[in-house]
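Reading the structure
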Amino acid sequence: MDMMFQGAEAWGAQASDWGEAAVHSGHEAPRVSVVLPVHNGEAYLDQAIDSILNQTFDDFELICVDDGSSDATPAILARHALADSRVQIITNRPNKGLPGALNTGFAAARGALHCWTSDDNIARPQMLERLVSALDAHPDAAIAHADYSVIDATGQVTGYQKVGPVSELLLGNRIGAAFLYRAEVTRTLQGYDESLFGVEDYDFWLRAARTFRFVTLNEDLYLYRRHEASLTDRKALTIHRLGAQILRRELALVQDRKLRARALVEHGLASRIDPRLDMLARGLLLSPGLARGRARTILRHLAHHLRRVVTQKAALTRKTG
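Residues numbered from 1 in each chain as written. Predicted model: local features only at pLDDT ≥ 70, side-chain atom pairs only at ≥ 80, totals over all residues. Heavy atoms only, no water.

**Some words on the overall build of the chain**
Within the chain one finds twelve helices and nine strands. Sorting the 321 residues of the chain into buried and exposed places 48% on the buried side. Here the analysis covers contacts within the chain between residues at least 6 apart in sequence; of these, 77% occur between residues at least 24 apart. (Helix = DSSP H or I, 4+ residues; strand = E, 2+ residues; numbered from the N terminus. Buried < 20%, exposed > 50% of the residue type's maximum accessible area, 1.4 Å probe, protein only. Contact = heavy atoms within 4.5 Å.)

**Things to note about the confidence of the model for the chain**
In the predicted model, the chain carries a mean pLDDT of 89, and the fraction of residues at 70 or more is 89%. This stretch, residues 1-25, has a pLDDT under 50; its non-local contacts, to residues over four places away or in other chains, come to 39 contacts. (pLDDT = per-residue confidence, 0-100.)

**Description of the pairing of strand β1 (residues 32-38)**
Burial analysis of β1 places seven of its seven residues in the buried class, the great majority of the element. The alternating pattern of β1 places Val32, Val34, Leu36 and Val38 on one face and Ser33, Val35 and Pro37 on the opposite face, and all of these are buried. In the sheet, β1 pairs with strand β2 (residues 60-67) via seven bridges, with the strands oriented parallel. Across the sheet, Pro37 pairs through a bridge with Val65, a residue of β2. In terms of handedness, the path from β1 via helix α3 (residues 45-53) over to β2 forms a crossover that is right-handed. The pairing of β1 with strand β4 (residues 113-116) spans four bridges and is classified as parallel. By the bridge assignment for β4, Val34 is matched with Cys115. (Pairing = 2+ DSSP bridges. Right-handed = clockwise from strand over helix to strand, strands pointing away.)

**What about the nonpolar core?**
Ranked by size, the top nonpolar core spans 39 residues in total, and within it Phe106, Trp116, Ile143, Tyr181, Val185 and Trp205 carry the most contacts. Within the second largest apolar cluster, 38 residues are counted, among which are Ala48, Ala123, Leu131 and Ala146. (Core = buried A, V, L, I, M, F, W, Y, C linked by side-chain atoms within 4.5 Å.)

**Digging into the packing of helix α10 (residues 257-268) against helix α11 (residues 277-286)**
Between α10 and α11, the least distance of the axes is 7 Å, while the angle of their chain directions is 145°. The hand of the α10/α11 crossing is left-handed. Seen from α10, the contacting residues are Arg257, Arg260, Ala261, Leu264, Val265, His267 and Gly268; seen from α11, they are Met279, Leu280, Arg282, Gly283, Leu284, Leu285 and Leu286. Looking at the contact of α10 with α11, its residues break down into eight nonpolar, three polar and three charged. (Axes fitted to C-alpha atoms, helices over the stretch in contact; angles between N-to-C directions. Left-handed = near helix turned anticlockwise from the far one by under 90°. Nonpolar A, V, L, I, M, F, W, Y, C, P; charged D, E, K, R; others polar.)

**Notes on the packing of α11 against helix α12 (residues 295-320)**
Put simply, α11 and α12 touch, their axes get as near as 12 Å, and they point 155° apart. Taken as axis vectors, α11 and α12 run roughly antiparallel relative to one another. As α11 packs across α12, the resulting crossing turns out to be left-handed. Between α11 and α12, the residues in contact are Leu277, Leu280 and Leu284 and Ile298, His301 and Leu302, respectively. (Parallel < 35°, antiparallel > 145°, perpendicular 65-115°, else oblique.)

**So, a nonpolar patch on the surface**
There is a patch of nonpolar side chains on the surface, built from Leu277, Leu299 and Leu302 and spanning about 270 Å² of accessible area. Mapped onto the elements of the fold, Leu299 is located in helix α12. (Patch = residues over 30% accessible without salt bridge, like charges linked within 9 Å, V, L, I, M, F, W, Y side chains within 5 Å. Areas by Shrake-Rupley, 256 points an atom, 1.4 Å probe, with all protein chains shown as cover. Salt bridge = Lys/Arg side-chain N within 4 Å of Asp/Glu carboxyl O.)

Shown next, in the form of structure tokens:
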């Protein structure tokens, strides 16, 4: 229990979280621990939980972290916990935010392999089986990840996303939404950075890539839902700025001048709501050749953000006038 409590302190979890986990300490540990953080997720929560409980690989525990919900989420979780002993519930009061809820869940995890899913997404039935098999087949790898489909609010497929290569992780989050990693990764990284709400996953993978090997499965194992309630414009701007922040941190560790330049240009052009002109300029100064063939893209990016500035100033003038 002392070691467990130290882990809770390291990851920002509360002692009560570990008390919840201790209830199960006498039982044989499952192979996989799946954490499902949820805050007011009643709309799609049943589908998300069912997609895990219906996995072809069944040696897992599902740790549902109710992160201060005020809707029907607690009742939905309680119903599933009564029906299936693999479902555990931990309640955060007050709300900790996504990275805090993840740390709460993984502090209670007993499995040798860790995974997490969202309350509005759906895991395909074979997801865990295929990811476990990938790590079993590659004992030198610590993280397995796979392709996924994008769905809309009604569940209709609207796109397909191939993941990887991990060698290009600095150019963007290439890991995706379907993944499984060894508990050693959680311990080494001390969980998710709670100050990086919105980019906690990208930060986690960037830090993991310094130490651990990834294995990529080009198989569609997950349904990632995009809908209006999933992200607000205000949160999107914060997320984009935090993403630029962690990229700058990571690039300070990179010796390859060309890779630094490419990453700066790619991220400098990536955001429609955050200009990132400093990143774009630094990248082009490091490697002017990157502008070849991209002049139109660069000009469109600059024109887009110039229009945004003009529009915002005009709106402010009308408001104050």
